[in-house]
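This is what each chain is made of:
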Amino acid sequence: TKYRGSRAYAGEVGGITLGTALTISGAAVSPNAGLHSSPILAAVLTLFNARLGSWLGNPGDDTTSLKQGPTYALQPLIRELLGRTDATSPWIHLSDGGHFDNLGIYEAVKRGCRYIVAIDASADPERRYADLGNAIRKIRLDLDARVELTGDWGIGGVDFGASGRYCALFSIQYGRMPGRRRGSLLYVKPAMYPHPSHQLPMDVVQYSRAAPAFPHESTVNQFFTESQFESYRALGEHEMATILKYCEAPGDIVELFEAAPEYIKEARAQPAPSGS
């Protein structure tokens, strides 16, 4: 599909908006589900209008790539019904990339990025880290690159207490891939450690007591209350502020990756959780 900058894509004036991109990224139910697509499922979802996503111009097409969508909807609808969406047509169907990699790490490694920050906001009540494992596995198989943990793994449940951490650091070895040979991945995960040392906002602590599954409530619930939404937002702000305290210049990505090990290292000075 080639590459086209966001200012020159899906809009003749100003390009695609952040709101449009965020909306498309939430298209979890789609006839065009990449790896999980099937002709029968595509037909059923289209006929019952259980379809999320957006038809946009192919970035490799100088004519359609500037437009907000197809002029006529019939042909794209038929292609959707028959499961014939691909990357070579003038118009392509975009849906949630989580059908393949929910974290977006795969494409970042494919591009040989030096620094990658991945915030894993998927519901993971049993802390199996399926999305992280899926991305690392596909990267090793497809891209001849290795993503390996550097330092301690301090992310866990409430039993981690004072020793709990909000992020982990990984090194990326690009092997025979062209471009940069090494990279770093900062993996951030929502976690609740109701221990005084973490200085969590009181309203977040209160909400977690009312909703024990927080911050891993089911994503099936698409209608958050105000208190629920604010609790997730406040927890995310608290986590990043905690990590960034170790940076003299929080806007510097290089310094962030240099400071992250210092933050993670503090876990060694705390008592180990039982059964960890």
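Scroll up a little and you will see the structure.
Residues numbered from 1 in each chain as written. Predicted model: local features only at pLDDT ≥ 70, side-chain atom pairs only at ≥ 80, totals over all residues. Heavy atoms only, no water.

## Quick notes on the pattern of salt bridges
Counted under the stated rule, the structure contains nine salt bridges. Salt-bridge contacts for R79 lead to D86; the nearest nitrogen and oxygen are separated by 3.3 Å. In this structure R79 comes out as partly exposed when scored by relative accessible area, which is 23%. Via salt bridges that share partners, D120, D124 and K189 belong to a single interconnected network. (Salt bridge = Lys/Arg side-chain N within 4 Å of Asp/Glu carboxyl O. Buried < 20%, exposed > 50% of the residue type's maximum accessible area, 1.4 Å probe, protein only.)

## Quick word on helix 5 (residues 130-143)
With 14 residues, helix 5 extends 19 Å between its outermost C-alpha atoms, agreeing within 8% with the 20 Å of an ideal straight helix rising 1.5 Å per residue. Taken together, the buried positions of helix 5 are occupied by D131, L132, A135, I136, K138, I139 and L143. Angularly, the buried residues of helix 5 cover 165 degrees about the axis, an arc narrow enough to put them on a single face. Among the exposed residues of helix 5, those pointing more than 90 degrees away from its buried face are A130 and L141. Note on helix 5: the residue one or two positions beyond its end, D144, has a positive phi of about 55 degrees. (Helix = DSSP H or I, 4+ residues; strand = E, 2+ residues; numbered from the N terminus. Expected span 1.5 Å × (residues − 1). Arc of directions from axis to C-beta.)

## Section: the environment of V44
Of note, V44 is situated in helix 2 (residues 39-47). A C-alpha to C-alpha distance of 46 Å links V44 and L200, two positions 156 residues apart in sequence.

## Observations concerning the packing of aromatic side chains
Under the definition given, this model contains 11 aromatic pairs. Each ring, one from W153 and one from F170, has its centre 6.3 Å from the other, and the planes form 70 degrees; the classification is edge-to-face. With W153 in the loop between strand 4 (146-150) and strand 5 (167-173) and F170 in strand 5, this pair connects stretches of sequence that are 17 residues apart. Ring centres of Y166 and Y193 lie 5.5 Å apart, and the angle between their planes is 35 degrees; on these two criteria the pair is classed as tilted. Residue Y166 is located in the loop between strand 4 and strand 5, and its partner Y193 is located in the loop between strand 6 (182-188) and helix 6 (202-210); the two are separated by 27 residues in the primary sequence. (Phe/Tyr/Trp six-rings, centres within 6.5 Å; stacked < 30°, edge-to-face > 60°.)

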